[in-house]
Amino acid sequence: MPRSIIPSILLVDGYNIIGAWPCLKKTRDGAGLEAARGELVEAITNYSAFQGYETQIVFDAQYQNAASNRETITDFLTVHYTDFGQTADTYIEKSCASLRHQIAQCLISRVIVATSDRAQQLMVQGYGAEWLSAHQLCGEVETTVCRMRHKYQTRKQSKSRFLANAIDAKARERLAQLRMGL
């Protein structure tokens, strides 16, 4: 899907979403946090590409003594691990503060923050960002997956072995005209 001229940016509070989506909680509890992060990244990768969002998934590193890290997953998606002592909330709020000037200058069309943290919701809305709850994001991701399947679903295979039976009627008619020299 082609990118719009003025992109939309989606900021995802990674651990907040993992804790709110039942399927990701189940993965986290059964296979571990790394597996849950992987599932979230995979789901958001497809969603972001289909929607045309420039997306950043942000994970806390506040309890790990490590420097911040950024992984580029696709042209549409990057994963950010915050600095030691920094929360994802703080990172997202700072991002919203810096992006509000780009919104005002029409360099980006909108900023959307996905989290179910009520305090963060109010903070980012104060910077002009839109808010999407974890539940709403889950619904949108599921809807997008269904739309993608429908859009890219291969046509039903014809029971006949002839190629002409696999194309639509209008194309079949045009081919017949070409054969007759019309």
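Everything below is about the structure shown above.
Structure report, in brief. Remember, predicted model here, so these are calculated numbers, not experimental data. (Residues numbered from 1 in each chain as written. Predicted model: local features only at pLDDT ≥ 70, side-chain atom pairs only at ≥ 80, totals over all residues. Heavy atoms only, no water.)

Now for the environment of I108. For I108, the position within the fold is in the loop between helix 4 (88-104) and strand 5 (110-114). Residue class for I108 comes out buried when judged on its relative accessible area of 5%. Note: C-alpha distance between I108 and I9 (99 residues apart in sequence) is 7.6 Å. (Helix = DSSP H or I, 4+ residues; strand = E, 2+ residues; numbered from the N terminus. Buried < 20%, exposed > 50% of the residue type's maximum accessible area, 1.4 Å probe, protein only.)

What follows deals with the pattern of salt bridges. In total, this model carries 3 salt bridges according to the counting rule given. The shortest N-O distance in the salt bridge between E34 and R37 comes to 2.3 Å. Here E34 and its partner R37 are both found in helix 3 (residues 33-51), 3 residues apart, which amounts to about one turn of the helix. The residue E130 makes a salt bridge to R110 at a minimum N-O spacing of 3.0 Å. Of this pair, E130 sits in strand 6 (residues 130-132) while R110 sits in strand 5, and the two are 20 residues apart along the sequence. On the basis of relative accessibility, which here comes to 34%, the residue E130 falls in the partly exposed class. The class for R110 is partly exposed, based on a relative accessible area of 29%. (Salt bridge = Lys/Arg side-chain N within 4 Å of Asp/Glu carboxyl O.)

On to the nonpolar core. I17, W21, L40, I44, I57 and L137 are the most contacted members of the largest nonpolar core, which has 24 residues in total. Within the second largest apolar cluster, 13 residues are counted, among which are V111, V113, V124 and A129. (Core = buried A, V, L, I, M, F, W, Y, C linked by side-chain atoms within 4.5 Å.)

One pass over the structure, following the stated rule, counts 3 aromatic pairs. Between Y15 and F59, the ring centres sit 4.9 Å apart and the planes meet at 55 degrees, which makes this aromatic pair tilted. One end of the pair, Y15, is in helix 1 (residues 14-20); the other, F59, is in strand 2 (residues 53-59), and 44 residues separate them in sequence. Residue class for Y15 comes out partly exposed when judged on its relative accessible area of 21%. Pairing Y47 with Y53 gives two aromatic rings, centres 5.9 Å apart and planes at 70 degrees, and the pair type is edge-to-face. Chaining the aromatic ring pairs together yields one cluster made of Y15, F59 and Y81. One residue, R37, lies across the ring of F59, its end atom 5.9 Å from the ring centre. (Phe/Tyr/Trp six-rings, centres within 6.5 Å; stacked < 30°, edge-to-face > 60°. Lys NZ or Arg CZ within 6 Å of the ring centre and 35° of its normal.)

Moving on to the sheet that holds strand 4 (residues 77-81). Pairing within the open sheet is mixed, and its 6 strands lie in the order 3-4-2-1-5-6. Two strands lie at the open edges of the sheet, namely strand 3 (69-72) and strand 6, each paired on one side alone. On average, each strand axis in the sheet is tilted by 20 degrees relative to the strand beside it, whichever way the strands run. Two strands pair when backbone bridges link them, and strand 2 and strand 4 are joined in this way by 5 bridges, in the parallel orientation. When the bridges of strand 4 are listed, F59 appears paired with Y81. (Pairing = 2+ DSSP bridges. Axes fitted to C-alpha atoms, helices over the stretch in contact; angles between N-to-C directions.)

In this section: the packing of helix 2 (residues 22-31) against helix 3. Close contact between helix 2 and helix 3 brings their axes to 7 Å; oriented N to C, the two are set at 150 degrees. On the basis of their axis angle, the class for helix 2 and helix 3 is roughly antiparallel. Seen along the crossing, helix 2 lies across helix 3 with a hand that is right-handed. Across from C23, L24, T27, R28 and A31 in helix 2, the residues of helix 3 making contact are L33, A35, A36, E39 and L40. Across the contact of helix 2 with helix 3, the residue classes break down as 7 nonpolar, 1 polar and 2 charged. (Parallel < 35°, antiparallel > 145°, perpendicular 65-115°, else oblique. Left-handed = near helix turned anticlockwise from the far one by under 90°. Contact = heavy atoms within 4.5 Å. Nonpolar A, V, L, I, M, F, W, Y, C, P; charged D, E, K, R; others polar.)

Mapped onto the elements of the fold, S133 is located in the loop between strand 6 and helix 6 (134-152). Residue classification places S133 among the buried positions, given a relative accessible area of 11%. What S133 contacts, discounting residues up to four positions off in sequence, is T115 and S116.

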